[in-house]
Amino acid sequence: MTRPAISSPAALQCRICGQQYPVEPLTICEECFGPLEPSYDLQSLDGEVFRKHVEEGPASLWRYEALLPGGPGIERVDMGAGFTPLRRADRLADALGLERLWIKDDSVNPSNSFKDRVVSVATTMARAFGFQAISCASTGNLANATAAHAARIGMPCYVFIPEDLERAKVLATLAYGAKVVAVKGNYDDVNRLCSEVAEALPWAFINVNMRPYYAEGSKSLGFEVAEQLGWRLPDHVVVPIASGALLTKIHRAFSELIAIGAVEEKPYRVSGAQPEGCRPVAQAFKDGAETVQPVKPDTIARSLAIGNPADGMFAMQVSRQTGGAIEWCTEPEIVEGVRLLASTEGVFTETAGGVTVANLKRLVLQGVIAPREETVAFITGNGYKTVAALEGATEPTYNVAPDLDEFLAAIGL
Ligand SMILES: *Cc1c(COP(=O)(O)O)cnc(C)c1O
Ligand SMILES: [Zn+2]
């Protein structure tokens, strides 16, 4: 079967002033210092042709190649990231008082978080641009995904992390063969160091000098939800926020699908979720502020611990424009959220997923999400990476000797 030719993206475009640039390793507009992002010739795409192309494509995020970076002649890095289950969550819906709820379960990606999507796209472009090494500044999941993809294509990999990251994330990164640079400081310190290293060395930093391509990979989550709902959009989505790129790009994906006629136009609302210990975007939203004030993160949701979020302002604009809200939950609510999702739906998520579920619950209680709204909650990471967060919160239900009578007595029989 021949698939129609795709030429994407047409250019990089400034998100502030619209100035266009060639598809190169550029990140910042020379005119206004605004961030750049890929732009596509949407006029040339037909919704029906797009849907057919997608449905004939691989079972990974690359099925959406028409609206992702990496055109003809570029060899893709494809470990099978994406095309994860959209699970109908009736038991969780009942617990929360919703009628139609879905869980987008990205905990089952190759390195067990949604970061495999963004890294698939960024490593594809990094290799095409001729970089000699792959690198990143990470809150943990990006470290795993970058190291896994670098191993897959046999490229040297240097991962920069805050020194006090969860053990599981550090050990897995090392197992993938990456060099791990543990930095004395928080993620924002790590990020600053990486910007300097990226100036000094010819390395592709997935989320620094490759950022326009990295962020674009998040759109695949939006495309997938629409496809899995039978090419239509939900009423409300709840998205965890670290840098804010994921939330912004889900909105972007929905609006591109509407623009090319791949789904029917309808209103949808985008809400964001942050933990109390790192809530710069949620606070700015609540205050009605125009800009996001940086904070020093202190939260068990380490993968969301970005105090100075690059896309925070854009995420806030999306929630305001679409009529959503950006909420935060307390630290104990994170653990409750992890347990609620696991015990109602059998999906064990990491602390970031706990943040999503806890905020979903709050948004329903506050009436921001109406019971009738068809809602999708994005579960972005796997609980086995952050088991320490449950330490002390749960214990074996019974402790017994290997003795039948003692066991029966313990369960009260
Ligand atoms: C990185 C990450 C996010 C948030 O991504 P941003 O695009 O930076 O907002 C959410 N969940 C998990 C598990 C992550 O690792
Ligand atoms: Zn500009």
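Residues numbered from 1 in each chain as written. Chains lettered and ligands numbered in written order. Predicted model: local features only at pLDDT ≥ 70, side-chain atom pairs only at ≥ 80, totals over all residues. Heavy atoms only, no water.

## Section: the overall build of the chain
So the rule is basically this: Helix numbering and strand numbering both begin at the N terminus, where a helix is a DSSP run of H or I of at least 4 residues and a strand a DSSP run of E of at least 2. All radius of gyration figures rest on C-alpha atoms, and the globule criterion is 2.2 Å times the number of residues raised to 0.38. Working definition: with a 1.4 Å probe on protein chains only, accessible area under 20% of the residue-type maximum means buried, over 50% means exposed, and in between means partly exposed. By definition, residues are in contact when any of their heavy atoms lie within 4.5 Å. Charge assignment: positive for Lys and Arg, negative for Asp and Glu; neither His nor the chain ends contribute. Note that the charge is assigned to NZ on lysines, CZ on arginines, CG on aspartates and CD on glutamates.
Regarding its fold elements, the chain presents 14 helices and 13 strands. Computed over C-alpha atoms, the radius of gyration of the chain comes to 21 Å, within 12% of the 22 Å expected from 2.2 N^0.38 for 413 residues, which places it in the range of a compact globule. Summarising its shape, the C-alpha atoms of the chain cover approximately 75 × 50 × 45 Å along the three principal directions. A burial count over the chain gives 56% of its 413 residues as buried. By sequence separation, contacts in the chain at least 24 residues apart represent 70% of the contacts at least 6 residues apart. Across the chain, the 37 positively charged side chains and the 50 negatively charged ones have centroids separated by 1 Å.

## What to know about the site of ligand 1
Put simply, the rule reads: Throughout, the term near means that a residue has one or more heavy atoms lying within 4 Å of the molecule or strand in question. Definition of a polar contact: a pair of N or O atoms within 3.5 Å, with one able to donate and the other able to accept a hydrogen when the atoms are protein atoms, and with sequence-neighbouring residues admitted only if both atoms are side-chain atoms. Here, Shrake-Rupley sampling with a 1.4 Å probe gives the accessible areas, and only protein chains in the shown set may cover a residue. Under the convention adopted here, Pro, Cys and the residues Ala, Val, Leu, Ile, Met, Phe, Trp and Tyr are nonpolar, Asp, Glu, Lys and Arg are charged, and Gly plus all remaining residues are polar.
In the vicinity of ligand 1 lie 16 residues, with Lys115, Asn141, Ser243, Leu246 and Thr380 positioned nearest. With respect to ligand 1, the side chain of Asn141 contributes an N or O atom lying 2.9 Å from an oxygen atom. Note that an oxygen atom of ligand 1 is positioned 3.5 Å from one of the backbone N or O atoms of Ala245. When the free accessible area of ligand 1 is taken as 380 Å², the share hidden by the protein chains comes to 98%. For the shell around ligand 1, the residue count by class is 8 nonpolar, 6 polar and 2 charged.

## Quick notes on the environment of Lys296
By the element assignment, Lys296 lies in the loop between α10 (280-287) and α11 (312-322). In sequence terms Lys296 and Thr351 are 55 residues apart; their C-alpha atoms lie 18 Å from each other.

## Quick word on a nonpolar patch on the surface
Rules: Exposure above 30% relative accessible area and the lack of any salt bridge qualify a residue for a patch; like charges then connect within 9 Å, and the nonpolar side chains Val, Leu, Ile, Met, Phe, Trp and Tyr within 5 Å. Only one rule defines a salt bridge in this text: a Lys or Arg side-chain nitrogen within 4 Å of an Asp or Glu carboxyl oxygen.
The grouping of Tyr398, Val400, Leu404, Phe407, Ile411 and Leu413 at the surface amounts to a nonpolar patch, some 600 Å² of accessible area in total. Its location among the elements puts Tyr398 in the loop between β13 (375-379) and α14 (404-410).

## Some words on the coordination of the zinc ion (ligand 2)
Defined as follows: Metal-coordinating donors are taken as N, O and S atoms lying within 2.8 Å of the metal, or within 3.2 Å when the metal is Na, K or Ca; because water is left out, some sites can appear incomplete. In these descriptions, tetrahedral denotes four donors with every angle between 85 and 135 degrees, square planar four donors and octahedral six donors with opposite donors over 155 degrees apart and the rest between 65 and 115, and irregular any other case.
Protein coordination of the zinc ion (ligand 2) is provided by Cys14 (SG), Cys17 (SG), Cys29 (SG) and Cys32 (SG), with donor distances spanning 2.3 to 2.4 Å. Metal-centred angles of 98 to 117° between the 4 donor atoms at the zinc ion (ligand 2) mark the site as tetrahedral. Judged by its relative accessible area of 40%, Cys17 falls in the partly exposed class. Of the residues examined, Cys32 reaches a relative accessible area of 30% and is grouped as partly exposed.

## Digging into the packing of aromatic side chains
The relation between two aromatic rings is expressed through the spacing of the ring centres and the mutual angle of the planes. For clarity, the cut-off: Under the pairing criterion, centres of Phe, Tyr and Trp rings, with the six-membered ring standing for Trp, must be within 6.5 Å; the plane angle then separates stacked pairs below 30 degrees from edge-to-face pairs above 60, leaving the rest tilted.
Enumeration according to the criterion identifies 9 aromatic pairs in this entry. Each ring, one from Phe348 and one from Tyr384, has its centre 5.0 Å from the other, and the planes form 85°; the classification is edge-to-face. With Phe348 in the loop between α12 (331-345) and α13 (351-365) and Tyr384 in the loop between β13 and α14, the pair connects residues that are 36 residues apart, well separated along the chain. When its relative accessible area of 22% is taken as the criterion, Phe348 is described as partly exposed. Aromatic rings pair up to connect Phe50, Tyr64, Phe223 and Trp231 into one cluster.

## So, the environment of Val49
Among the secondary structure elements, Val49 is positioned in helix α1 (residues 47-55). On the basis of relative accessibility, which here comes to 45%, the residue Val49 falls in the partly exposed class. The spacing of Val49 and Ile260 is 211 residues in sequence and 9.9 Å in space, taken between C-alpha atoms.

## Looking at α11
Inspection of α11 places Gly312, Phe314, Ala315, Met316, Val318, Ser319 and Thr322 among the buried residues, and these make up the whole buried set. Taken together, the buried residues of α11 touch α9 (245-259), β11 (269-275), α10 and β12 (326-329). Phi turns positive one or two residues past the end of α11, at Gly323, with a value near 85°.

## Some thoughts on the sheet that holds β12
Selection criterion: Only strands joined by at least two bridges in the DSSP assignment are considered to pair. Simply put, an axis is a line fit to the C-alpha atoms, just over the touching stretch for a helix, and the angle between two N-to-C directions goes from 0 to 180 degrees.
Spatial ordering of the open sheet is given by β4-β5-β13-β10-β11-β12, a layout of 6 strands whose pairing is mixed. The two strands at the open ends of the sheet, each matched to only one other strand, are β4 (86-88) and β12. Across this sheet, the average inter-strand angle for adjacent strands is 25°, counted without regard to direction. Direction of pairing for strand β10 (residues 236-240) relative to β11: parallel, over a ladder of 5 bridges. If you follow His236 over to β11, its bridge partner there is Arg269. Contacting β4, β5 (101-105), β11, β12 and β13, α12 crosses the sheet at an angle of about 95° to β12.

## Here we look at the domain arrangement of the chain
In many analyses, interface size is given as the accessible surface area lost on bringing the parts together. Counted only if it meets this: Domain delimitation follows an automatic or database domain assignment. When two parts are brought into contact, each loses some accessible area as probed by a 1.4 Å sphere; the total of that loss over both is the buried area.
You can read the domains of the chain as domain 1 (86-112 + 218-390) and domain 2 (115-214). Put simply, the middle of domain 1 and the middle of domain 2, counted by C-alpha atoms, are 24 Å apart. On the side of domain 2, 20 residues touch domain 1, which itself brings 27 residues to the contact. Interface of domain 1 and domain 2: buried area, both sides summed, is about 1800 Å²; carbon and sulfur atoms make up 39% of it. Among the residues domain 1 hides against domain 2, the three largest losses belong to Ser111, Arg302 and Lys385. Together they make up 38% of the total. Linking domain 1 with domain 2 are 5 salt bridges, by the criterion used here. Seen at the junction of domain 1 and domain 2, the total is 14 residue pairs in polar contact (both at pLDDT 80 or more). The element best represented in the side of domain 1 that touches domain 2 is helix α8 (residues 219-228), accounting for 3 residues. For the side of domain 1 that touches domain 2, the per-class residue count stands at 9 nonpolar, 10 polar and 8 charged.

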